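What follows is each chain in one-letter form.
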Amino acid sequence: MVFIGEDGLSRCSWCASHPEYIRYHDEEWGYPVSEDQRLFEKICLEGFQSGLSWWTILQKRENFRAAFEGFDFHKVAQFGQSDIERLLQDKGIVRHRGKIAATINNAARAIEMQAEFGSLAAFFWRYEGREEARHIEGVPSVTETSKRLSKDLKKRGWNFVGPTTCYAFMQAMGLVNDHHPDCAHHAKAEALRAAFTPPAVA
């Protein structure tokens, strides 16, 4: 479903509740990303979202960036127990011990992945879901591709990367185009995806 904004443009209905949500939809969601730090940030924030709404995480995103060194995974991988205790006192983020520990663990796994594939982007873009760029009865929360990605990440030691988390990551980072066909940004996302060349495995 879509709604018509004050500017007369149609947009996916999920972003209608707040101007910041609209900005996120218009400027970020569904456009292909190749920067490793952004990919790491997003997979971690989707993990923090588990059981919550993305709106909750989006409101705290700058706090998360400050708390986790801008999601520079080379720095986050060096966090220790004292950092976990410090972050558990940080009211600006989601204070969940398991999710904080998972982010630190996943930073170390990201370094391993970068060494193996040349970049996180080269790994993640192997799971591009062109066959899933559809919008018939609604947006799915899990797909066969997101299940495969989740299984692969878990095999590599990542935590808080279930199939639903992985599909939300795929949607946001442009691995699929789930803008509604009637959304004014659907064509833009499709054009950017068509012009995007995924990084090659090193």
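Residues numbered from 1 in each chain as written. Predicted model: local features only at pLDDT ≥ 70, side-chain atom pairs only at ≥ 80, totals over all residues. Heavy atoms only, no water.

Chemist: What is the right way to read the overall build of the protein from this model?
Modeler: Within the protein, the secondary structure is distributed over 11 helices and 2 strands. When the helices and strands of the protein are placed in sequence order, the string is β-β-α-α-α-α-α-α-α-α-α-α-α. Computed over C-alpha atoms, the radius of gyration of the protein comes to 17 Å, within 12% of the 17 Å expected from 2.2 N^0.38 for 202 residues, which places it in the range of a compact globule. Principal-axis analysis of the C-alpha atoms gives the protein an extent of 50 × 40 × 25 Å. When each of the 202 residues of the protein is scored for burial, the buried share is 50%. Across the protein, contacts joining residues at least 24 apart in sequence account for 65% of those joining residues at least 6 apart. (Helix = DSSP H or I, 4+ residues; strand = E, 2+ residues; numbered from the N terminus. Rg over C-alpha atoms; globule rule 2.2 N^0.38 Å. Buried < 20%, exposed > 50% of the residue type's maximum accessible area, 1.4 Å probe, protein only. Contact = heavy atoms within 4.5 Å.)

Chemist: What is the right way to look at the environment of Leu149 in this model?
Modeler: Looking at the secondary structure, you find Leu149 in helix H9 (residues 144-155). Assessed through its relative accessible area of 0%, Leu149 is described here as buried. Spatially, the C-alpha atom of Leu149 lies 38 Å from that of Glu6, the residues being 143 residues apart in sequence.

Chemist: How should I be thinking about helix H10 (residues 163-172) in this particular structure?
Modeler: Given 3.6 residues per turn, any residue in an α-helix points the same way as the ones three and four places further on. Counting buried positions along H10 gives 8 out of 10 residues, so the element sits mostly inside the fold. All of the buried residues in H10 are Thr165, Cys166, Tyr167, Ala168, Phe169, Met170, Gln171 and Ala172. Looking at the buried side of H10, the elements it contacts are helix H1 (19-27), helix H2 (36-49), helix H8 (120-124) and H9. Looking one or two residues beyond H10, the residue adopting positive phi is Gly174, at roughly 85°.

Chemist: What should I look at first to understand the side chain of Thr165 in this one?
Modeler: Its place among the elements puts Thr165 in helix H10. With residues up to four places along the chain from it excluded, the contact list for Thr165 reads Ile43, Glu46, Gly47 and Phe160.

Chemist: When you look at the pattern of salt bridges in this model, what are you seeing that I'm missing?
Modeler: Close approach of charged atoms allows side chains with opposite charge to pair. As enumerated under the stated definition, the model contains 17 salt bridges in all. Here Arg65 ties to Glu41 by a salt bridge, and the two come within 2.9 Å at their closest N and O atoms. Residue Arg65 is found in helix H4 (residues 61-67), and its partner Glu41 is found in helix H2; the two are separated by 24 residues along the sequence. The closest approach of N and O atoms between Arg109 and Glu112, which form a salt bridge, is 2.8 Å. On the criterion of helical spacing, the pair formed by Arg109 and Glu112 is a turn pair, its members being 3 residues apart in helix H7 (residues 97-117). Judged by relative accessible area, Glu112 falls into the partly exposed class, the value being 42%. (Salt bridge = Lys/Arg side-chain N within 4 Å of Asp/Glu carboxyl O.)

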